[in-house]
Amino acid sequence: MTGARAEALVLARPGALEARSLSVPGTGADDGILRIEACGLCGTDHEQYTGHLGAPYAFIPGHEVVGVVERAGADALARWGVSVGDRVAVEVFMSCRECASCRSGAYRRCERHGLGDMYGFVDVEKAPGLWGGYATHLYLAPDALLLPVPAGLDPVVATVFNPLGAGLRWAVEVPGTGAGDVVVVLGPGVRGLAACAAAKAAGAEFVMVTGVGPRDADRLALATRFGADLAVDVSTTDPVRALRGAAGRLADVVVDVTAKAPAAPGQALHLVRPSGTVVLAGTRGTPDAPGFDPDLIVYKEIRVVGALGVDAPAYRSALALLASGAFPFADLPRRTAGFAGIEELLGLMAGETAGERPVHAVFVPGA
Ligand SMILES: [Zn+2]
Ligand SMILES: [Zn+2]
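Residues numbered from 1 in each chain as written. Chains lettered and ligands numbered in written order. Predicted model: local features only at pLDDT ≥ 70, side-chain atom pairs only at ≥ 80, totals over all residues. Heavy atoms only, no water.

1. Overview of the overall build of the protein chain
Then, in step 1: Along the protein chain, the regular secondary structure elements total twelve helices and 15 strands.
Then, in step 2: Computed over C-alpha atoms, the radius of gyration of the protein chain comes to 21 Å, within 12% of the 21 Å expected from 2.2 N^0.38 for 367 residues, which places it in the range of a compact globule.
Then, in step 3: Summarising its shape, the C-alpha atoms of the protein chain cover approximately 65 × 45 × 40 Å along the three principal directions.
Then, in step 4: Looking at the 367 residues of the protein chain, the share that counts as buried comes to 57%.
Then, in step 5: Taking all contacts inside the protein chain whose residues are at least 6 apart in sequence as the whole, residues at least 24 apart take part in 71%. (Helix = DSSP H or I, 4+ residues; strand = E, 2+ residues; numbered from the N terminus. Rg over C-alpha atoms; globule rule 2.2 N^0.38 Å. Buried < 20%, exposed > 50% of the residue type's maximum accessible area, 1.4 Å probe, protein only. Contact = heavy atoms within 4.5 Å.)

This is the structure we're talking about:
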């Protein structure tokens with residue numbers, strides 16, 4: 001296996017993605033190599049690119065990876081429950097399986113790995129360097145976590161495992177959403193659409209989604225195909241009045257998946273019913289939250305929960321829901337790009353480059 005090369009894009013410093021060729025390492029009983037087919041891009045990718053998210057430059061970005069197990073040792077395959085040639089999704093986090101956090105299932109807080117060892121965030125100088133999705137190959141470390149992709153699911157569509165896993169965890173698992181619930185999702189991006197679908201799949205009786213202004217119009221129109229019964233532009237419509245009018249009552253669960261929307265937490269407190277649950281899963285980048293009245297939390301006895309990550313059960317459910325075809329994730333307005341087009345795609349996603357802003361953006365090495 002000597003001599004094989006991997007092509008990759010290394011983010012050397014903010015704004016500087018550089019093509020680099022790295023050698024594909026040999027592997028033993030305990031590790032392996034993935035041939036990357038697709039890597040979903042999200043807001044985090046753009047924040048890494050611009051330098052808004054501190055990262056150990058230089059590194060290969062890309063943390064929503066789907067590919068085929070090209071080679072792996074017998075011990076590794078047994079542990080992952082996959083075979084060479086299988087299509088898998090790779091979790092961002094690694095797990096030592098031995099520390100107290102890993103044994104309790106909270107492997108996202110693994111004491112041996114933690115945030116420093118997340119795929120798409122690791123220094124390229126750490127051997128063998130292939131720690132990110134903007135490449136032809138990914139190193140499957142002994143502590144990597146793999147999720148089998150159901151047969152027949154397209155690898156580009158399979159990258160939705162990441163936002164849909166988030167939707168399932170944040171809109172269903174964390175708040176305990178169940179049959180008959182009224183759910184409001186703040187933010188109509190891919191995570192918002194995923195949250196709508198997740199809530200509906202969990203039996204929610206009524207789902208409302210909100211967005212802001214013309215920029216979100218297409219996404220709001222799309223949301224009805226992803227489980228939303230009502231889509232509201234809060235720049236022109238009072239969401240509380242709209243919810244009362246259509247659902248007849250306030251929400252059991254409000255899920256905030258907005259990005260940089262300081263007013264969203266305040267809206268959530270007004271949209272939720274007394275004793276309801278608000279899940280805050282979006283970040284604002286500022287401590288200011290206009291309209292956020294903490295007294296409402298007291299008077300209405302609201303449960304406010306923060307949610308950041310996703311775990312394996314949610315990812316597995318997401319892959320199963322994708323494969324079921326219950327919602328048209330295959331038809332999401334999507335842009336794919338190869339090595340040459342990835343910077344333009346990141347700019348489009350952030351609205352910095354003129355052109356249609358895709359709901360779902362995916363890097364495909366061969367494109
Ligand atoms: Zn991401
Ligand atoms: Zn651990």
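Still more ground to cover, so stick around.
2. Considering the coordination of the zinc ion (ligand 2)
Then, in step 1: The protein atoms that coordinate the zinc ion (ligand 2) are C96 (SG), C99 (SG), C102 (SG) and C110 (SG), at distances of 2.3 to 2.4 Å.
Then, in step 2: Considering all four donor atoms around the zinc ion (ligand 2), angles at the metal cover 101 to 120 degrees and the coordination shape is tetrahedral.
Then, in step 3: Of note, the donors binding the zinc ion (ligand 2) are all from one chain and are spaced C-x2-C-x2-C-x7-C. Here C110 lies in the loop between α3 (100-103) and β6 (137-140) and C99 lies in the loop between β5 (87-90) and α3, a separation of eleven residues in the sequence.
Then, in step 4: You can call C99 buried: its relative accessible area is 8%. (Donors = N, O, S within 2.8 Å, 3.2 Å for Na, K, Ca; no water. Tetrahedral: all angles 85-135°; square planar, octahedral: opposite > 155°, others 65-115°.)

3. Some remarks on the packing of aromatic side chains
Then, in step 1: Taken as a whole and judged by the stated rule, the model has seven aromatic pairs.
Then, in step 2: Members of the aromatic cluster, connected to one another through ring pairs, are Y119, W131 and Y139.
Then, in step 3: The side chain of R79 reaches across the aromatic face of W80, ending 5.7 Å from its centre.
Then, in step 4: Between the NZ or CZ atom of K126 and the centre of the ring of W131, over which it lies, the distance is 5.2 Å. (Phe/Tyr/Trp six-rings, centres within 6.5 Å; stacked < 30°, edge-to-face > 60°. Lys NZ or Arg CZ within 6 Å of the ring centre and 35° of its normal.)

4. Remarks on the sheet that holds strand β9 (residues 206-211)
Then, in step 1: What the six strands build is an open sheet, ordered β10-β9-β8-β11-β12-β13; its pairing is parallel. Two strands lie at the open edges of the sheet, namely β10 (230-233) and β13 (303-306), each paired on one side alone. With direction set aside, neighbouring strand axes in the sheet form an average angle of 15 degrees.
Then, in step 2: Pairing of strand β8 (residues 182-186) with β9, which is carried by five bridges, proceeds in the parallel orientation. By the bridge assignment for β9, V182 is matched with F206.
Then, in step 3: Packed on one face of the sheet, helix α8 (residues 239-247) meets β8, β9, β10 and β11 (251-256) and runs near 160 degrees to β9. (Pairing = 2+ DSSP bridges. Axes fitted to C-alpha atoms, helices over the stretch in contact; angles between N-to-C directions.)

5. Details of the coordination of the zinc ion (ligand 1)
Then, in step 1: Looking at the zinc ion (ligand 1), the protein donor atoms are C42 (SG), H63 (NE2) and E64 (OE), and they sit 2.0 to 2.2 Å from it.
Then, in step 2: Sequence positions of the donors to the zinc ion (ligand 1) reduce to the motif C-x20-H-E.
Then, in step 3: Residue E64 is classed as buried on the basis of its relative accessible area of 2%.

6. Let's talk about the packing of helix α1 (residues 43-50) against helix α12 (residues 342-349)
Then, in step 1: At a closest axis distance of 10 Å, the pairing of α1 and α12 adopts a crossing angle of 110 degrees. In terms of axis orientation, α1 runs roughly perpendicular to α12. The hand of the α1/α12 crossing is left-handed. Facing G43, D45, H46 and Y49 of α1, the residues of α12 in contact are E343, L346 and M349.
Then, in step 2: Here the contact of α1 with α12 is built from residues that sort into three nonpolar, two polar and two charged. (Parallel < 35°, antiparallel > 145°, perpendicular 65-115°, else oblique. Left-handed = near helix turned anticlockwise from the far one by under 90°. Nonpolar A, V, L, I, M, F, W, Y, C, P; charged D, E, K, R; others polar.)

7. Considering the environment of V362
Then, in step 1: Its location among the elements puts V362 in strand β15 (residues 360-363).
Then, in step 2: Sequence separation between V362 and A223 is 139 residues; the distance between their C-alpha atoms is 20 Å.
Then, in step 3: Setting aside anything within four residues of it in sequence, one finds V362 in contact with A38, C39, G40, V156, T159, R334, R335, T336, A337 and L345.

8. Observations concerning the pattern of salt bridges
Then, in step 1: Scanning the entire structure with this criterion turns up 17 salt bridges.
Then, in step 2: A salt bridge links E125 to R20, with the nearest nitrogen and oxygen atoms 3.9 Å apart. Taken as a pair, E125 in the loop between α3 and β6 and R20 in strand β2 (residues 16-23) lie far apart in primary sequence, 105 residues in all.
Then, in step 3: Across the pair D256 and R284 runs a salt bridge, and its minimum N-O distance is 2.8 Å. Residue D256 is found in strand β11, and its partner R284 is found in the loop between β12 (272-280) and α10 (294-299); the two are separated by 28 residues along the sequence. The residues D256 and R284 share a single accessibility class, namely buried.
Then, in step 4: A cluster of three or more residues bridged by salt bridges with shared partners is formed by R249, D252 and R273. (Salt bridge = Lys/Arg side-chain N within 4 Å of Asp/Glu carboxyl O.)

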